[in-house]
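Spelled out, the chains give:
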Amino acid sequence: MAETDFPAEIRALRATYDSIAQVTDIDSLRRDIAELSEKAGAPDLWDDPAAAQVVTSKLSHRQSELERLIKLSDRIDDLEVLVELGQEAGDEDSLIEADNELASVRSALEQLEVVTLLSGDYDEREAVVTIRAGAGGVDAADFAEMLMRMYLRWAERHGHSTKVMDTSYAEEAGLKSVTFEVNAPYAYGTLSVEAGTHRLVRISPFDNQGRRQTSFAAVEVIPLIEQTDHIDIPDNEIRVDVFRSSGPGGQSVNTTDSAVRLTHLPTGVVVSMQNEKSQIQNRAAAMRVLQSRLLLLKKEQEDAEKKALAGDIKASWGDQMRSYVLNPYQMVKDLRTNHEVGNTSAVLDGDIDDFIDAGIRWRADGRKTED
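Taking an unreviewed UniProt entry as the reference, the chain is identified by name as Peptide chain release factor 2 belonging to Arthrobacter horti. Recorded in UniProt under Subcellular location (unreviewed entry), the annotation for the chain is "Cytoplasm".

Following this line, the structure appears as structure tokens:
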């Protein structure tokens, strides 16, 4: 086993840390914490619970970010001391411990480095995720439900709160579509690399002949609208339809017409909500998602215009961005980054951090190329 060149490795760690600290701007981070702490201490903070939640969430995230940076710097210092003591005393156990800590710190820095790549206009926002079953019949509907569980488990692993806003059940099994919020800073920047068409290949549990079936589901990720955003939608541009909420197999969840469907006539964007108890709540939730989609649509149109002026328009996403093969072999592969994993059960149980990290790096490389 080759001996670790600790001085060179520690210099590399410090260089990576300094680069991250420069991009993060620790002084600016401290100023943000001071300003948010002042807002959080205001006596009338909770007069507006929604605004208060935004302030406290941002404060908690900024404090965690600063604490993580400070702890990593301390760990590098402690590692250097551990190596010096171990080498002076000829203590093999200390050097083995230092080798393990070196790998751990390197991994932590790589994860933090990925966060610094989230620099898009709305990357700091919370996210609204919509999953729709595509081609493949009942298998596609079942796949849509599998993907919903995968993302909810991922959020649970990270301690992010989620809220299912709308669910449209398929007749036999699974979901036609589902919309849910992921309430955490940078949820949009993180999960937006998951947007695209996902493909599942497996022996269909719904086929009595046990044939292999390919099915598809589409994932859409948009940033959650904030109070500071100005998206005015005239009433005459919206068609409002109300209907009765339904559950699996067409069961009625509500005896009143509490579900709401909003159609934005100029763009054709449709949003439906039925998981709240009242029509007023469903309409407010639907309006919030509609505004979020229109905000992102506006941004996409502006980006398309810039690319057209540059004379080089490239598709950001292919028709298929990831495949989940459960038969005849087991493999989940991202077709953009070529990252692949053989443990399909772990991936479908929410272990997708490596896919997300690879996607964020892939997107950042694409942005550099465009620039």
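Helix-helix packing is characterised by the crossing angle of the two axes and by the distance between the axes. At a minimum axis separation of 11 Å, helix α1 (residues 6-24) and helix α3 (residues 49-89) run at an interaxial angle of 165 degrees. By the angle class used here, α1 and α3 are roughly antiparallel. The chirality of how α1 crosses α3 is left-handed. Along its contact with α1, which presents Phe6, Ile10, Leu13, Arg14, Tyr17, Ile20 and Thr24, the element α3 presents Glu65, Leu69, Ile70, Leu72, Ser73, Ile76, Asp77, Leu79, Glu80, Val83 and Gln87. Looking at side-chain class alone, the contact of α1 with α3 contains 11 nonpolar, three polar and four charged residues.

All right, on to the pattern of salt bridges then. Going through the model one piece at a time under the given rule, you end up with 23 salt bridges. Among the ionic pairs, Glu9 bridges to Arg106, the shortest N-O distance being 3.0 Å. Of this pair, Glu9 sits in helix α1 while Arg106 sits in helix α4 (residues 92-116), and the two are 97 residues apart along the sequence. Glu9 gets classed as partly exposed once you look at its relative accessible area, which sits at 28%.

Before going further, it helps to spend a moment on the sheet that holds strand β7 (residues 259-264). Strands sit in the order β6-β7-β8 across an open sheet of three strands; the sheet is antiparallel. Edge positions in the open sheet fall to β6 (238-243) and β8 (269-273), since each of these has one partner strand only. Across this sheet, the average inter-strand angle for adjacent strands is 15 degrees, counted without regard to direction. Both β6 and β7 contribute to a ladder of six bridges, which runs antiparallel. Residue pairing in the sheet places Asp241 in a bridge with Arg261 of β7.

What follows deals with unusual backbone geometry. The peptide bond linking Asn327 to Pro328 adopts the cis configuration, its omega dihedral lying at 15 degrees. Locating Pro328 in the fold gives a position in the loop between β9 (322-325) and β10 (331-334). Located in the positive-phi region is Asp25, a residue other than glycine, with phi close to 65 degrees. Note that Asp25 resides in the loop between α1 and α2 (26-40). In this structure, Asn338 is a non-glycine residue whose phi angle is positive, near 70 degrees.

Take the pairing of β7 next. For β7, the tally of buried residues reaches five of six residues, placing the bulk of the element in the interior. Sheet topology places β7 next to β8; five bridges connect them, and they run antiparallel. Paired with Val260 across the strands is Met273, a residue of β8. Where β7 hands over to β8, the hairpin turn is made up of four residues, of which Gly268 adopts a positive phi near 80 degrees.

Rules of the game
- Residues numbered from 1 in each chain as written.
- Predicted model: local features only at pLDDT ≥ 70, side-chain atom pairs only at ≥ 80, totals over all residues.
- Heavy atoms only, no water.
- UniProt positions renumbered as here; feature names shortened; annotations may be inferred.
- Axes fitted to C-alpha atoms, helices over the stretch in contact; angles between N-to-C directions.
- Helix = DSSP H or I, 4+ residues; strand = E, 2+ residues; numbered from the N terminus.
- Parallel < 35°, antiparallel > 145°, perpendicular 65-115°, else oblique.
- Left-handed = near helix turned anticlockwise from the far one by under 90°.
- Contact = heavy atoms within 4.5 Å.
- Nonpolar A, V, L, I, M, F, W, Y, C, P; charged D, E, K, R; others polar.
- Salt bridge = Lys/Arg side-chain N within 4 Å of Asp/Glu carboxyl O.
- Buried < 20%, exposed > 50% of the residue type's maximum accessible area, 1.4 Å probe, protein only.
- Pairing = 2+ DSSP bridges.

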